[in-house]
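Here is how the chains run, residue by residue.
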Amino acid sequence: QVHVVESGGGLVQAGGSLRLSCAASGRTFSSYTMGWFRQAPGKEREFVARLNWSGRSTYYTDSVKGRFTISRDNIKNTVYLQMNSLKPEDTAVYYCNTHPPLQEGWGQGTQVTVSS
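Predicted model, so just to flag it, every value in this text is computed and none were measured. (Residues numbered from 1 in each chain as written. Predicted model: local features only at pLDDT ≥ 70, side-chain atom pairs only at ≥ 80, totals over all residues. Heavy atoms only, no water.)

Concerning the overall build of the chain
Rule in force here: In DSSP terms, a helix is any run of H or I states spanning at least four residues, a strand is any run of E spanning at least two, and both are numbered starting from the N terminus. Atoms counted for the radius of gyration: C-alpha only. Globule rule: 2.2 Å times residue count to the power 0.38. Under the scheme applied here, a residue whose accessible area is under 20% of the maximum for its type counts as buried, over 50% as exposed, and between as partly exposed, the area being computed with a 1.4 Å probe on protein chains only. Should any heavy atoms of two residues lie within 4.5 Å, those residues are considered in contact. Calculation of accessible area relied on Shrake-Rupley with a 1.4 Å probe; when residues are assessed, cover is drawn exclusively from the protein chains displayed. By the counting rule applied here, Lys and Arg register as positive and Asp and Glu as negative, while His and the ends of each chain are not counted. Charge coordinates come from a single atom per side chain, which is NZ of Lys, CZ of Arg, CG of Asp or CD of Glu.
Helix and strand content of the chain: 0 helices and 10 strands. The order of helices and strands in the chain, counted from the N terminus, is β-β-β-β-β-β-β-β-β-β. Taken over the C-alpha trace, the chain has a radius of gyration of 13 Å; the compact-globule value for 116 residues is 13 Å, and the two agree within 12%. Principal-axis analysis of the C-alpha atoms places the extent of the chain at approximately 40 × 25 × 20 Å. Scored against the burial criterion, the 116 residues of the chain give a buried share of 41%. Considering only residue pairs separated by 6 or more positions, the chain has 53% of its internal contacts joining residues 24 or more positions apart. Of the accessible surface of the chain, which amounts to about 6,300 Å², a share of 47% is contributed by carbon and sulfur atoms. Across the chain, the mean location of the 12 positive side-chain charges is 7 Å away from that of the 8 negative side-chain charges.

Below you can see the structure in the form of structure tokens.
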């Protein structure tokens, strides 16, 4: 019941920054733990980051710790992923969903490409 539209991806040089946005619909948005996931070409989708309903409890996969920050604005029904110090290995399609994800809740994702 949470539908999402991801945006903010693009082509950036290594060391650059992007902020991804996830616009969500659904009146119960603020009650969900939300997460960001990514899928590189030829790879399985992997977990990147999550935060709970309050926006105070976060968890990151090791490869992005210290570089990425997840946040949410429950008034705007939006989840963000601030990505700094980007590396070529961050190249992937980025998705948001509840955490654990609902299989029917995936959006189209937004492409992030980091050049060296």
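Re the state of the cysteines
The condition that has to hold: The term disulfide is used for any two cysteine sulfur atoms that are within 2.5 Å.
Taken as a whole and assessed by the stated rule, the structure comprises 1 disulfide. Between the sulfur atoms of cysteine 22 and its disulfide partner cysteine 96 the distance amounts to 1.8 Å. On the sign convention where negative is left-handed, the bridge of cysteine 22 and cysteine 96, at about 65° about the S-S bond, is right-handed. Here cysteine 96 lies in strand β9 (residues 92-98) and cysteine 22 lies in strand β3 (residues 18-25), a separation of 74 residues in the sequence. Per residue, the accessibility class of cysteine 22 equals that of cysteine 96, and both read buried.

Observations regarding the sheet that holds strand β1 (residues 3-7)
By definition, the strands of a sheet pair up through backbone hydrogen bonds, in either a parallel or an antiparallel sense. Note the cut-off: The pairing criterion for strands is at least two bridges between them, as found by DSSP. Axis definition: a line fit to C-alpha positions, over the contact stretch in the case of helices; interaxial angles, taken between N-to-C directions, run 0 to 180 degrees.
Spatially, β1-β3-β8-β7 is the arrangement adopted by the 4 strands of the open sheet, whose pairing is antiparallel. Each end of this open sheet is capped by a strand with a single partner; those strands are β1 and β7 (68-73). On average, each strand axis in the sheet is inclined to that of its neighbour by 15°, with strand direction left out of account. Bridge count between β7 and strand β8 (residues 78-83): 6 bridges; the pairing is antiparallel. Bridge pairing in β8 places threonine 69 opposite glutamine 82.

What about the side chain of serine 21?
Following the sequence through the fold, serine 21 ends up in strand β3. Discounting residues that sit within four places of it in the chain, serine 21 has contacts with Val5, Glu6, Ser7, Trp36, Thr78, Val79 and Tyr80.

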